[in-house]
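# Tertiary structure, described
Okay, here's what each chain looks like letter by letter:
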Amino acid sequence: MKLVIGSDHGGYALKEVVKAYLLEQGHAVSDRGTDDGETSVDYPDYGRAVAADVAAGKYACGIVICGTGIGISLAANKVHGIRAALCTDPYMARMARMHNDANILALGGRVVGPGLALAIVAAFLDSEFAGGRHARRVDKIMAIES
Ligand code: RB5
């Protein structure tokens, strides 16, 4: 699968762990930065960059990471066509795909450890949108954009 990933400084360390895992699993990963964990940067820049790529159809899905996952998911969700879901466990990640057709997974680098984060990522990537009644609800979410 072709994925795009991005983080601020608070999510940088976890981004590197997630990126290595994805590459090991055979995925193609585009990294939109940031490129170190020391320099303070603004999470909206990275959330927006990943979200714009996903909304443009360049990648099947994206992963965004900041300290809590909150700010960067808020920013990503401002881009039309994006459904970014902040998940703290694999169940949420599975439901985000099955019920909400989330196209971006958001993680908090200061909230979840690397082992849990990878389990969340695996659950997100292994799950598919269930459609049916959930499609109607997702359509209603997207209608809010217009
Ligand atoms: C940066 O210190 C921090 O505010 C950011 O990573 C994130 O947690 C914001 O929601």
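In short, a report on the structure.

Rules of the game
Residues numbered from 1 in each chain as written. Predicted model: local features only at pLDDT ≥ 70, side-chain atom pairs only at ≥ 80, totals over all residues. Heavy atoms only, no water. Pairing = 2+ DSSP bridges. Helix = DSSP H or I, 4+ residues; strand = E, 2+ residues; numbered from the N terminus. Axes fitted to C-alpha atoms, helices over the stretch in contact; angles between N-to-C directions. Contact = heavy atoms within 4.5 Å. Near = heavy atom within 4 Å. Polar contact = N/O pair within 3.5 Å; in protein donor to acceptor, adjacent residues only side chain to side chain. Areas by Shrake-Rupley, 256 points an atom, 1.4 Å probe, with all protein chains shown as cover. Nonpolar A, V, L, I, M, F, W, Y, C, P; charged D, E, K, R; others polar. Patch = residues over 30% accessible without salt bridge, like charges linked within 9 Å, V, L, I, M, F, W, Y side chains within 5 Å. Salt bridge = Lys/Arg side-chain N within 4 Å of Asp/Glu carboxyl O. Lys, Arg positive; Asp, Glu negative; His and termini not counted. Charge placed at Lys NZ, Arg CZ, Asp CG, Glu CD. Buried < 20%, exposed > 50% of the residue type's maximum accessible area, 1.4 Å probe, protein only. Expected span 1.5 Å × (residues − 1). Arc of directions from axis to C-beta.

## Details of the sheet that holds strand β1 (residues 2-7)
Strand pairing in a sheet relies on backbone hydrogen bonds. The paired strands run either parallel or antiparallel. Reading across the sheet, the five strands line up as β2-β1-β3-β5-β4 and stay open at both edges, with parallel pairing between neighbours. A strand with exactly one partner marks an edge of an open sheet, and here the two such strands are β2 (28-31) and β4 (84-86). On average, each strand axis in the sheet is inclined to that of its neighbour by 25 degrees, with strand direction left out of account. As paired elements, β4 and strand β5 (residues 104-108) share three bridges and run parallel to each other. Each residue of the ladder has a partner; that of A85, found in β5, is L105. Helix α5 (residues 114-126) contacts β1, β3 (61-66) and β5 of the sheet and is inclined by roughly 170 degrees relative to β5.

## Focus on the site of the ligand
Near the ligand you find D8, H9, Y43, C66, G67, T68, G71 and R110, and these make up its full shell. In the model, an oxygen atom of the ligand is placed 3.0 Å from a nitrogen or oxygen of the T68 main chain. Surface burial for the ligand is 71%, taken as the share of its 300 Å² of free accessible area covered by protein chains. Considering only residue class, the shell around the ligand consists of two nonpolar, four polar and two charged.

## Considering a positive patch on the surface
Taken together, the side chains of R133, R136, R137 and K140 make up a positively charged region of the molecular surface. Tracing the sequence through the fold places R136 in helix α6 (residues 133-143). R136 sits in the partly exposed class, given a relative accessible area of 46%.

## With respect to the environment of S73
Relative to the assigned elements, S73 resides in helix α3 (residues 70-76). For S73, a relative accessible area of 7% translates into the label buried. Spatially, the C-alpha atom of S73 lies 22 Å from that of H27, the residues being 46 residues apart in sequence. Apart from residues lying up to four places away in sequence, S73 is in contact with A84, L86 and A106. Within the local environment of S73, its side chain forms a polar contact with the backbone oxygen of I70, the two atoms lying 2.8 Å apart.

## Brief notes about the pattern of salt bridges
Tallied over the entire structure, the rule returns eight salt bridges. The salt bridge involving K19 is made with E16; its shortest N-O contact spans 3.4 Å. Taken as a pair, K19 and E16 lie in helix α1 (residues 12-24) at a separation of three residues, close to a single helical turn. Residue classification places K19 among the buried positions, given a relative accessible area of 17%. One salt-bridge network, in which partners are shared between bridges, spans K15, E16, K19 and D31.

## Side note on α1
Residue pairs three or four apart in sequence face the same way in an α-helix, which turns once every 3.6 residues. Between its terminal C-alpha atoms α1 stretches 18 Å, which fits the 18 Å expected from 13 residues at 1.5 Å a residue. Taken together, the buried positions of α1 are occupied by L14, K15, V18, K19, Y21 and L22. Viewed end-on, α1 has its buried residues packed into an arc of 165 degrees, placing them on one side of the element. Seen from the buried face of α1, the exposed residues on the opposite side, beyond 90 degrees, are A13 and E24. Summarising the contacts, the buried residues of α1 are in contact with β1, β2, β3, β5 and α5. One or two positions beyond α1, positive phi appears at G26, with a value near 90 degrees.

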